[in-house]
Amino acid sequence: MSTDTKERAVHAPQFIRGDELQIPTYKVLKQDGTTYKGATLPDLDKDTALRIYRAMVRTRVLDERMLAAQRQGRLSFYMQSTGEEATTVGFAAALDDEDMIMAQYREQGALVYRGFTLDEFMNQLFSNELDYGKGRQMPIHYGSAKLHYMTISSPLATQIPQATGYAYGQKLAGDKKCTVAVFGEGAASEGDFHAALNMASVLKTPTIFLCRNNGYAISTPASEQFAGDGIAPRALGYGMHTIRVDGNDILAVYSAMTEARCIAVEQNEPVLVEAMSYRLAAHSSSDDPSGYRSKKEEEKWRNKDPLLRMKHWLQAKNWWSDDEDAALFEADRREVLATMKEAEKRPAPVIEEMITDVYDTPPAHLKEQLEGLKAHVRLYPEAYPATSGRMNNG
Ligand SMILES: Cc1ncc(C[n+]2csc(CCOP(=O)(O)OP(=O)(O)O)c2C)c(N)n1
């Protein structure tokens, strides 16, 4: 409240206790594919449901194969999203394909859903000459202007205030689009998170803040990250709408995000959505979770697999069969491997491109640095096999 808002007076010291507040979790789908009695079901037609499921399967297969490729030494780095596919595909499915997505790094499911091709994934992962970033970024830092997916930044939470700003622009343009900022519960500890929520609620921007609460920030469990009831109640402090949803439940995610988009776009109000899930894989290919959590804990979450849950629901509706399922996994595996082989063979970007794209005419100091680098590569060509044949002499 501001100092001129009408106050509600009490005449005894009444403290409101934070530990008395618990935001409920919206759930629709049980693991066996049946739905909770009386649950509000989204309006999800067969074509959309199958597009979602196919994107979830493709994301799972991509993650499995690319981690294996990293272990074989073919790729420098990878991050899996295993266990979180209902959230990362489901939120994208509830949007307009032209809404802006500003994600963290574990949201490849949204890109798959929007139609980022396996070729596009591979070109980025292998930093070859067709990579849109021309090899300037680490693997998994995807971006696509065409698909309204902002390029990933490594510094945590920077995308959250950017999403508020972008959505403010959408509001001023009156184009009836919104921006979704996706981030982990760990990233929500950054000051940027609070600045973004405050600005969005004051300026009334069409931003959806989607927190993937997957229990861990690398090795830090959520219980050591914050003391309150997760991330959802933080929105209340900013006067915003908020909801907590079962992030492994595709119907709940889709339904909550559809409504959140309505609030954002129709009422120009920001919304916070906290999706509860679990990071089943390691944080990244550089991490080993056996040092900080038990197999038993992982097993509990393996039994809540979002893919199986959706598959059971599709089968109960007679929209999908075991045979179709096996064929889809097999076809995706084959396609991922074939596309990877092609991308691996493509040459690296030419070294000159390192200093182009930003300036119309590269400044003298960058040209000088480039010449120094080229001289170095010429001296040690065997240490730079991908680059040495990809530079102009002179
Ligand atoms: C500003 C900043 N601090 C620290 C890091 C290192 N870092 C990268 S990912 C990560 C954990 C983030 O966890 P969370 O936001 O919960 O997302 P999750 O990885 O679980 O999906 C950390 C600490 C970073 N990239 N940027």
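The structure displayed is predicted, hence computed values, not measured ones.

S.K.: Would you mind going over helix α13 (residues 364–379) with me for this structure?
M.R.: Side chains three or four residues apart in an α-helix point the same way, a direct result of the helix having 3.6 residues per turn. In a regular helix each residue adds 1.5 Å, so 16 residues correspond to 22 Å; α13 covers 23 Å between its end C-alpha atoms and thus fits that length. Listed as buried for α13 are Leu366, Leu370, Lys374 and Val377. Buried residues along α13 cover an arc of 80° about the axis, so they all sit on one side. Exposed residues pointing more than 90 degrees away from the buried face of α13 are listed as Ala364, Glu368, Gln369 and Leu379. At its buried positions, α13 is contacted by α14 (385–388).

S.K.: Got a minute to help me understand the site of the ligand in this structure?
M.R.: Around the ligand, the surrounding shell holds 17 residues, and the nearest of these are Tyr105, Arg106, Gly186, Ala187 and Tyr216. Here an oxygen atom of the ligand sits 3.0 Å away from a polar atom, N or O, in the side chain of Arg212. Tyr216 is positioned with one of its backbone polar atoms (N or O) 2.6 Å from an oxygen atom of the ligand. Isolated, the ligand exposes 590 Å² of accessible area, and the fraction of that covered by the protein chains is 73%. Of the residues belonging to the shell around the ligand, the class tally is seven nonpolar, six polar and four charged.

S.K.: Help me understand the packing of helix α4 (residues 118–125) against helix α12 (residues 322–345) in this model?
M.R.: Packed helices, taken two at a time, are described by the angle between their axes plus the distance between the axes. Across the interface, α4 lies against α12 with an axial gap of 9 Å and an inter-helix angle of 45°. Relative to α12, the element α4 is oriented oblique. For α4 against α12, the interelement crossing comes out right-handed. Residues Leu118, Asp119, Met122 and Asn123 of α4 lie in contact with α12, whose contacting residues are Glu335, Val336, Thr339, Met340 and Ala343. Broken down by class, the residue content of the contact of α4 with α12 amounts to five nonpolar, two polar and two charged.

S.K.: How do you make sense of the side chain of Asn214 when you look at a structure like this?
M.R.: Among the structural elements, Asn214 can be located in the loop between β4 (207–213) and β5 (216–217). Not counting residues up to four positions away in its chain, the partners in contact with Asn214 are Glu84, Arg106, Glu185, Ser277, Tyr278 and Arg279.

S.K.: Just checking my understanding: could you explain the pattern of salt bridges for this structure?
M.R.: Within the structure shown, the criterion is met by 34 salt bridges. Across the salt bridge formed by Arg58 and Glu335, the nearest N and O atoms sit 3.0 Å from each other. Of the two residues, Arg58 sits in helix α1 (residues 46–71) while Glu335 sits in helix α12, which places them 277 residues apart along the sequence. On the accessibility criterion, Glu335 (39% relative accessible area) is partly exposed. Here Arg302 and Glu298 are joined by a salt bridge, their closest N and O atoms 3.5 Å apart. Here the residue Arg302 and the residue Glu298 both occupy positions in helix α10 (residues 295–302), the gap between them amounting to four residues, near one helical turn. One network of salt bridges, with partners in common, ties together Arg293, Lys295, Glu298, Glu299 and Arg302.

S.K.: I tried to follow the domain arrangement of the protein chain on my own but got confused; where do I start?
M.R.: A common way to report how large an interface is uses the accessible area buried once the components associate. On domain assignment, one finds that the protein chain holds domain 1 (21–343) and domain 2 (351–388). A straight line from the C-alpha centre of domain 1 to that of domain 2 covers 37 Å.

S.K.: Sorry if this is basic, but what is going on with the sheet that holds strand β7 (residues 241–246) here?
M.R.: Strand order in the open sheet formed by six strands is β1-β7-β8-β4-β3-β2, with parallel pairing between adjacent strands. The sheet is open, and its two edges are formed by β1 (25–26) and β2 (100–102), each paired on a single side. With six bridges joining them, β4 and strand β8 (residues 271–276) adopt parallel strand pairing. Each residue of the ladder has a partner; that of Arg212, found in β8, is Ala275. Where helix α5 (residues 159–173) meets the sheet, its contacts fall on β2, β3 (179–184) and β4, and the angle it forms with β3 comes to roughly 170°.

S.K.: Where do I start with the packing of α1 against helix α2 (residues 85–93) in this structure?
M.R.: Running from N to C, α1 and α2 cross one another at 140°; their axes reach a closest spacing of 10 Å. Taken as axis vectors, α1 and α2 run oblique relative to one another. Here α1 runs over α2; the crossing is right-handed. Residues Ile52, Ala55, Met56, Thr59 and Arg60 of α1 touch α2, and the partners they reach there are Glu85, Ala86, Val89 and Ala93. Tallied by class, the residues present in the contact of α1 with α2 amount to six nonpolar, one polar and two charged.

S.K.: Can you walk me through the environment of Thr205 in this structure?
M.R.: Note on placement: Thr205 falls in the loop between α6 (191–203) and β4. The buried category is assigned to Thr205, whose relative accessible area is 0%. A sequence separation of 39 residues divides Thr205 from Tyr166, and the C-alpha atoms of the two residues are 8.8 Å apart. In this structure Thr205 touches Thr164, Ala167, Tyr168, Ala200, Asn268, Glu269 and Pro270, once residues within four positions along its chain are discounted. A polar side-chain atom of Thr205 sits 2.6 Å from a polar atom in the side chain of Thr207.

Thresholds applied
In this numbering scheme, every chain counts its residues from 1 along its sequence in written order. Confidence filtering applies because this is a predicted model: local features only for residues at pLDDT of at least 70, side-chain atom pairs given and counted only at 80 or more, and all residues used for totals across whole chains, interfaces and linings. Side-chain measures here rest on the full set of heavy atoms in the structure, leaving out hydrogens and waters. Starting at the N terminus, helices and strands are each numbered in turn, a helix being any DSSP run of H or I of at least four residues and a strand any DSSP run of E of at least two. Under the convention used throughout, the expected extent of a helix is 1.5 Å for every residue step, that is, one less than its residue count. Per-residue accessibility, obtained with a 1.4 Å probe over protein chains only, is compared with the maximum for each type, and a residue is labelled buried under 20%, exposed over 50%, and partly exposed between these values. What the arc covers is the set of directions going from the helix axis to the C-beta atoms. Contacts are residue-level and defined by heavy atoms, with any inter-residue pair within 4.5 Å sufficient. Throughout this document, a residue counts as near a molecule or strand when at least one of its heavy atoms sits within 4 Å of that molecule or strand. Polar contact is defined as a pair of N or O atoms within 3.5 Å, subject to the rule that within protein one atom must be able to donate a hydrogen and the other to accept it, and that residues adjacent in sequence are counted only when both atoms are side-chain atoms. In short, Shrake-Rupley with a 1.4 Å probe defines the accessible areas, and a residue's cover is counted only from the protein chains shown. Here the nonpolar group is Ala, Val, Leu, Ile, Met, Phe, Trp, Tyr, Cys and Pro; Asp, Glu, Lys and Arg are the charged ones; every other residue, Gly included, is treated as polar. For helices, the fitted axis covers only the stretch in contact; all axes are lines through C-alpha atoms, and the angles between them, taken along N-to-C directions, range from 0 to 180 degrees. Each angle is binned into one of four classes, with values under 35 degrees roughly parallel, values over 145 roughly antiparallel, values of 65 to 115 roughly perpendicular, and all other values oblique. Crossings are sorted by hand: turned counterclockwise from the far helix by less than a right angle, the near helix makes the crossing left-handed, and turned clockwise it makes it right-handed. The salt bridge criterion pairs a side-chain nitrogen of Lys or Arg with a carboxyl oxygen of Asp or Glu, the two atoms within 4 Å. Note that the domain bounds reflect an automated or database-derived domain assignment. Two strands form a pair only when DSSP identifies at least two bridges running between them.

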